[in-house]
Amino acid sequence: MDRRTRLRVDAPTYPVACKNSLGTNAMFDLLMLALLAAAFAGAVGYVWACVDLTKPCKATGDKSP
Amino acid sequence: MTWQGWLQIAVFAALITAAVKPLGGYIARNVDAAGRVQRALAPMENGLYRLAGVDPAEEQSWVSYALALLWFHLAGILALYALQRLQNLLPLNPQQFEAVTPDLALNTAVSFATNTSWQSYGGETTMSYLSQMAGITVQSFLSAATGVAVAIALVRGFARRSAQTIGNFWVDVTRITLYVLLPICVIAGLFLVWQGVPQTLGAYVSATTLEGGSQILARGPVASQEVIKLLSGDGGGFFNVNSAHPFENPTALAGMLEMLLIFMIGVALTNTFGRMVGDQHHGWALFAAMALMFAAGLAVVYASEGTHNAALSPFGIDQATGPLQAGANMEGKEVRFGVGQSALFATVTTTSSDGAVNSMHDSFKPLSGLVMMANMMLDEVIVGGPGSGLFGILLFAIVTVFAAGLMIGRTPEYLGKKIEGNEVKMTILALLCVPAFILGMSGVAAVLPSGMAGLNNAGPHGFSEMLYAYTSGAATNGSAFAGLSANTPFYNLTLAAAMFAGRFIVIVPVLCIAGMLAAKRVVPASAGTLPTHGMQFIGLLVGTVIIVGGLTFFPALALRPVAEHFAMQAGLTY
């Protein structure tokens, strides 16, 4: 492709800055994936917490639902 | 305000109301039963199950359904993350964009997998065509299908008797994608191409302007992304300025179609619900409650935007409506849409979970900003996203019948199912966790330097930028107030957390309620049963939404848009 036709990321027509302070080091990828894993583990734990919250109450004998 | 503006609103209301019954029936017939289209395309559907190793006849408990959903979206987030991080090495990148930075890639992946579409980037300056098509557009389809699947699972909870299962997640997602989303997208996509929306894999082009300068015109596979962006309640645009861009939304007619697409599935699902539980009148009652809240919000926004902006008067700006100009508060709005369609679009996009914008919400008056934020804060119950609107309003309906039952001292029933402690517990969990995230994270951002660094305005307007961002994220709306510099590690990561929590913290209890309701027997209606058809129920439901949903946020709104409104009256702007 002709380089002259490339759109510059900081072209004034499109004012949103697309760069930020994090680099592209693979360590940051690992950090992001670790955060995602933690969030997913939290979501799965949340499913089981809901199961636990809706168990019939032994003290009152309530068998709902 | 003009008669043309009111006419557009009337046409929109008529068309969307007309779509409720046919589309609602179509969804009910082809998603939960063997409809004509489903029977015709069954070989293709079954081929997909064989390919994926899914037994379509195997039903799932709510726990299996929820875990399948979570795994599915984890895979989606990872795939979209990888596409963005590797886009510089992959094909279909004619502009040779670099890889997206890790925090922005995570934010974007979570955003589209959760049907939020918050965008901390400008699409045309950041994403390759492959990332846009195979990443973002695919997730738009799948996240919308998930929302509808969860709603259908909840409806099965009401419709089934003494059952241990609520459907099969893989079957639901496949059918909704094949029979609902794809056909509408093909037809509406062609309509948008006819109106002038580009659909090409060619590189950006250089044009010579009238002044002799040169300008790069970004283009790409826009129509195919645009149509699912709207239909999915997703809202993530190909271009940075979203539906304000003439290549996304070229004409007022295209704008009308875009608004219809945003609302179409959300309103139709009220009818699907009515059909599946054998009570279409109740489906219309839910639609009426949504319509009332929508009309009230729209009236405020149009009245606010359709009149002069007092802050501009001292500068001698002519704001009169006339044959040569739209007049009123045109700041931040496109001339081809005017105030009427901009106010309508802003209300549609914030009452749904879509978040597409055809004007800059930051430039609306504070009262309009208040309504737009309140629309999102009500947990997406005024139409909402595909599926999320229906299960959102059903959560409030459960609170409504529970409160009505307390008033007369009997165990409440809703559509023949007794609403007991566990259902109410899960409902409250779903309804209160989202406000906790919105207010908590806004509070944290307001005291941390990283949060304050992103603000472009001072005072209550700056606070509004921050509150709007977390509201938009946790309510899975994705629209932006503008003004906030959100592409920083702090905002990318905290907004990703808000979006993840806002989606799944609601969906899991909803599926739990579906499982519990499905297991119950049906109780015959008696003299003490609360009728769920008439104005009494609609009034109670709207009141519950406003009291439970709205008042949670009143202090935050009082500090921000309400304070800004009175400051503007006194001549203070920020």
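Residues numbered from 1 in each chain as written. Chains lettered and ligands numbered in written order. Predicted model: local features only at pLDDT ≥ 70, side-chain atom pairs only at ≥ 80, totals over all residues.

1. Here we look at the overall build of chain B
Scanning chain B from N- to C-terminus turns up 20 helices and 4 strands. A principal-axis box enclosing the C-alpha atoms of chain B has dimensions of 75 × 55 × 45 Å. Per-residue burial for chain B yields a buried fraction of 58% across its 574 residues. For chain B, restricting intrachain contacts to residue pairs at least 6 apart in sequence, the fraction spanning at least 24 positions comes to 78%. (Helix = DSSP H or I, 4+ residues; strand = E, 2+ residues; numbered from the N terminus. Buried ≥ 20, exposed ≤ 12 C-beta atoms within 10 Å, placed from the backbone. Contact = placed C-beta atoms within 7 Å.)

2. Considerations on the overall build of chain A
Helix and strand counts for chain A come out as 1 helix and 0 strands. Per-residue burial for chain A yields a buried fraction of 12% across its 65 residues.

3. Comments concerning the pairing of strand β1 (residues 205-208) of chain B
Residue and element names in this part refer to chain B. Where β1 meets strand β2 (residues 214-217), 4 bridges bridge the pair, whose relative direction is antiparallel. Opposite S206, over in β2, you have I216 as the bridge partner. Count of turn residues in the β1/β2 antiparallel hairpin: 5 residues, of which G212 carries a positive phi of about 95°. (Pairing = 2+ DSSP bridges.)

4. Details of the packing of helix α7 (residues 129-159) of chain B against helix α10 (residues 252-276) of chain B
All names here are of chain B. The geometry of α7 relative to α10 is characterised by a closest axis approach of 10 Å and an angle of 20° between their N-to-C directions. Comparing their axes, α10 and α7 come out roughly parallel. As α7 packs across α10, the resulting crossing turns out to be right-handed. Each of V148, A151, V155 and A159 in α7 lies in contact with α10, whose residues at this interface are I265, L269, F273 and M276. When its residues are assigned to classes, the contact of α7 with α10 shows 8 nonpolar, no polar and no charged. (Axes fitted to C-alpha atoms, helices over the stretch in contact; angles between N-to-C directions. Parallel < 35°, antiparallel > 145°, perpendicular 65-115°, else oblique. Left-handed = near helix turned anticlockwise from the far one by under 90°. Nonpolar A, V, L, I, M, F, W, Y, C, P; charged D, E, K, R; others polar.)

5. Here we look at unusual backbone geometry
All names here are of chain B. Located in the positive-phi region is L92, a residue other than glycine, with phi close to 60°. You can see L92 is positioned in the loop between α4 (62-85) and α5 (102-113). Overall, the presence of 15 C-beta atoms within 10 Å leaves L92 in the partly exposed class. With a phi close to 65°, N115 is a non-glycine residue in the positive phi region. The class for N115 is buried, based on 33 C-beta atoms found within 10 Å.

6. Some points on the packing of helix α8 (residues 169-195) of chain B against α10(B)
Residue and element names in this part refer to chain B. Relative to each other, α8 and α10 sit at 170°, their axes nearing to 10 Å. Judged on the interaxial angle alone, α10 and α8 are roughly antiparallel. On the side of α8, the interface is formed by V180, A188, F191, L192 and Q195, while α10 contributes L253, A254, L257, L261 and I265. Here the residues of the contact of α8 with α10 are counted per class, giving 9 nonpolar, 1 polar and no charged.

7. Section: the nonpolar core
All names here are of chain B. Core analysis: the largest hydrophobic core is formed by 180 residues, its most contacted members being L154, L231, V510, L511 and A514. Sorting elements by how many residues they give to this core places helix α18 (residues 489-518) first, with 21 residues. Counting contributing residues per domain, this core is built from domain 1 (23-280) and domain 2 (285-315 + 325-569), each supplying no fewer than three. (Core = buried A, V, L, I, M, F, W, Y, C linked by C-beta atoms within 7 Å. Domains from an automatic or database assignment.)

8. Focus on the domain arrangement of chain B
Residues and elements named next belong to chain B. By domain assignment, chain B separates into domain 1 (23-280) and domain 2 (285-315 + 325-569). A C-alpha centroid distance of 22 Å is found between domain 1 and domain 2. Taken together, the 63 residues of domain 1 in the interface contact 61 residues of domain 2. Of all elements in the fold, only α4, α5, α7, α9 (222-231) and α10 reach the threshold of two or more residues within the side of domain 1 that touches domain 2. The greatest single-element share of the side of domain 1 that touches domain 2, amounting to 12 residues, is contributed by α10.

9. A closer look at helix α19 (residues 535-550) of chain B
Working note: α-helix, 3.6 residues per turn, so residues spaced by three or four point in the same direction. Residue and element names in this part refer to chain B. Compared with the 22 Å implied by 1.5 Å per residue over 16 residues, the 21 Å span of α19 between its first and last C-alpha is a close match. Burial in α19 covers these residues: F537, I538, L540, L541, V542, T544, V545, V548 and G549. Packed against the buried residues of α19 are α11 (280-305), α13 (366-377), α14 (388-408) and α15 (421-447). (Expected span 1.5 Å × (residues − 1).)

10. As for α8(B)
Residues and elements named next belong to chain B. Taking 1.5 Å of rise per residue, the 27 residues of α8 would be expected to cover 39 Å, and the 37 Å separating its terminal C-alpha atoms lies within 8% of that figure. Within α8, the axis deviates most sharply at L181, by approximately 35°, and proline P183 lies no more than four positions further along. Where α8 ends, the next residue or the one after it, G196, has phi of about 120°, a positive value. (Bend = angle between axes of the 7 residues up to and from the residue.)

11. Notes on the confidence of the model for chain A
Per-residue confidence for chain A gives a mean pLDDT of 67; residues scoring 70 or more make up 48%. Confidence over residues 1-20 of chain A falls short of pLDDT 50; this stretch has 37 contacts with residues more than four positions distant or in other chains. (pLDDT = per-residue confidence, 0-100.)

12. A short note on the environment of G549(B)
With respect to the helices and strands, the residue G549(B) is situated in helix α19. For the pair G549(B) and A203(B), spaced 346 residues apart in sequence, the C-alpha to C-alpha distance is 47 Å.

13. A few points about the confidence of the model for chain B
Of all residues in chain B, 99% attain a pLDDT of 70 or more, and the chain-wide mean is 88. In the predicted assembly, ipTM is 0.84 and pTM is 0.89.

14. Quick word on the environment of L261(B)
Residue and element names in this part refer to chain B. Along the chain, L261 turns up in helix α10. For L261, a count of 26 C-beta atoms within 10 Å corresponds to the buried category. Taking the C-alpha atoms as reference, L261 lies 35 Å from A163; in sequence the two are 98 residues apart. Those residues in contact with L261 that lie beyond four places of it in its chain are A188, V227, L230 and L231.

15. Topic: the environment of V335(B)
Within the fold, V335(B) resides in the loop between α11 and α12 (338-351). As a C-alpha pair, V335(B) and A285(B) span 50 residues in sequence and 37 Å in three-dimensional space.

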